[in-house]
Amino acid sequence: MSAVELAFPCPREELARLAAGDEVLLSGTLYTMRDAGHQRALECLERDGRLPFGLDGQVLFYAGPTPAAAGRPLGSVGPTTASRMDFAAPALFEAGVTACIGKGKRSPAVVEACRATGSVYFAAVGGIAALLARHVTASDLVAWDDLGTEALRRLTVDKLPVYVAVDAAGRDLYREIEQQAS
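Quantities reported herein were computed from a predicted structural model and do not represent experimental measurements. Within every chain, residues take consecutive numbers counted from 1 along the sequence as written. Thresholds applied to this predicted model are a pLDDT of at least 70 for local features of residues and 80 or more for the giving and counting of side-chain atom pairs; totals over whole chains, interfaces and linings are not thresholded and use all residues. Values reported for side chains reflect all heavy atoms of the structure, with hydrogen atoms and water molecules removed beforehand.

1. Focus: the overall build of the chain
Across its full length, the chain carries 6 helices and 7 strands. Listing each helix as α and each strand as β along the chain from the N terminus yields β-α-β-α-β-α-β-α-β-α-β-β-α. Taking 16 Å as the expected radius of gyration for a compact globule of 182 residues, we find that the chain reaches 15 Å, a close match to that expectation. Dimensions of the chain along its principal axes, counting C-alpha atoms only, are 45 × 40 × 30 Å. For the chain, the proportion of its 182 residues judged to be buried stands at 49%. Surface accessibility in these figures is a Shrake-Rupley result with a 1.4 Å probe; residues are shielded only by whichever protein chains are displayed. Summing over all exposed atoms, the chain offers an accessible surface of approximately 8,000 Å²; the carbon and sulfur share of this is 51%. Note that His is not counted, nor are the chain ends; the positive residues are Lys and Arg, and the negative ones are Asp and Glu. Here the site of a charge means NZ on Lys, CZ on Arg, CG on Asp, or CD on Glu. Looking at the chain, you have 18 positive and 22 negative side-chain charges, and the mean spots of the two groups are 4 Å apart. Comment: elements are numbered from the N terminus, with helices defined as DSSP H or I runs of at least four residues and strands as E runs of at least two. Radius of gyration: C-alpha atoms only; globule rule: 2.2 Å multiplied by the number of residues to the exponent 0.38. Burial status follows relative accessibility: with a 1.4 Å probe on protein chains alone, a residue under 20% of its type maximum counts as buried, one over 50% as exposed, and anything between as partly exposed.

So, in structure tokens, the structure goes:
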């Protein structure tokens, strides 16, 4: 089976066609955000009743990109452990974020939030951050510069390789693999 190509932002109806285990090539716009950024996004959501900075309908890449290098907008950009963002993911999905990218399995609450909202969790391969940076064609600081590499950035990507780890129906690839191994 060949990889599915998706352009973001992408409606949840299109995400509903994906199945756990699908290889996907993402193009378009996504945003980087990690632990501290998630806390600030939740504070904005609580204060304003909506997501800040146009994050509604967008993808969050759990990454802290390095500065530009080798003639590219970023030196490297790799996924961080997604479970660190489990405290915020359900609320952000409910508020309008449609997908996220990280590495490793998610809590049952996040899997349920994917199912309940029609959101998707994509897994990117860890350890290949310099290679993933080759898929970034532009990078712009959006907010929270004081957070350093955890600042909110908007990336434009071309065919960024990921896998569907939790699909919009709540099917969880990590748990399926665990069950097959036992």
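2. Describing the pairing of strand β7 (residues 152-166)
Two strands pair when backbone bridges link them, and strand β2 (residues 23-32) and β7 are joined in this way by 9 bridges, in the antiparallel orientation. Bridged to V24 within β7 is V162. Bridge count for strand β5 (residues 120-123) against β7 is 3 bridges, and the pairing is antiparallel. Within β7, the position partnered with Y121 by the bridge is V166. A pair of strands counts as paired when DSSP detects no fewer than two bridges linking them.

3. A short note on the packing of aromatic side chains
Two descriptors summarise a pair of aromatic rings, namely the distance from one centre to the other and the angle between the planes of the rings. Only Phe, Tyr and Trp rings take part, Trp by its six-membered ring, and two of them pair if their centres are within 6.5 Å. Stacked means planes under 30 degrees apart, edge-to-face means over 60, and tilted covers everything else. Enumeration over the complete set of coordinates arrives at 2 aromatic pairs. A centroid spacing of 6.3 Å and a plane angle of 90° characterise the contact between F8 and F122, whose relative ring orientation is edge-to-face. Of the two residues, F8 is situated in strand β1 (residues 4-8) and F122 in strand β5; the sequence distance between them amounts to 114 residues. Of the two residues, F8 and F122, neither departs from the other in class, the shared state being buried. The ring of Y121 is capped by R106, whose NZ or CZ atom sits 4.8 Å from the centre of that ring. For a ring to carry a charge above it, either NZ of a lysine or CZ of an arginine must fall within 6 Å of the ring centroid while also lying within 35 degrees of the normal to the ring plane.

4. Thoughts on the nonpolar core
Formed by 29 residues in total, the largest nonpolar core has its most connected members in M33, L60, L92 and F93. Among the secondary structure elements, those contributing two or more residues to this core are α2 (35-48), α3 (89-95), α4 (108-117), β5 and β7. Sequence-distant contacts of L92, that is, excluding residues within four places in its chain, are made with M33, H38, A41, L42, L45, L51, L60 and V97. Core analysis: the second largest hydrophobic core is formed by 27 residues, C10, L30, A124 and A168 among them. To qualify as a nonpolar core, a set must consist of buried Ala, Val, Leu, Ile, Met, Phe, Trp, Tyr and Cys residues joined through side-chain atoms within 4.5 Å. Residue contacts are counted whenever heavy atoms from the two residues lie within 4.5 Å of one another.

5. Examining unusual backbone geometry
Cis rather than trans, the peptide bond between F8 and P9 has omega equal to 5°. The residue F53 is not glycine, and still its phi comes out positive at about 60°. Considering the arrangement of structural elements, one finds F53 in the loop between α2 and β3 (59-61). A relative accessible area of 37% places F53 in the partly exposed class.

6. Describing the environment of L30
With respect to the secondary-structure elements, L30 resides in strand β2. Relative accessible area serves as the criterion here: at 2%, L30 is assigned to the buried category. Considering only alpha carbons, one finds L30 and L131, 101 residues apart in sequence, at a separation of 17 Å. Setting aside chain neighbours within four positions, we find L30 in contact with V59, F61, I101, R153, R154, L155, V157 and L160.

7. Quick look at α2
Multiplying 1.5 Å by the helix residue count minus one yields the expected span of that helix. The terminal C-alpha atoms of α2 lie 20 Å apart, and with 14 residues this matches the ideal 20 Å at 1.5 Å per residue to within 8%. If you check which residues of α2 are buried, you get G37, H38, A41, L42, C44 and L45. Burial along α2 is one-sided: seen end-on, the buried residues are contained in an arc of 160°. Facing away from the buried side of α2 by more than 90 degrees, the exposed set consists of E46 and R47. Looking at the buried positions of α2, the neighbouring elements they touch are β3 and α3. Note on α2: the residue one or two positions beyond its end, G49, has a positive phi of about 75°. Arc definition: it is the arc formed by the directions from the helix axis to the C-beta atoms.

Read these as geometric descriptors, not functional statements.
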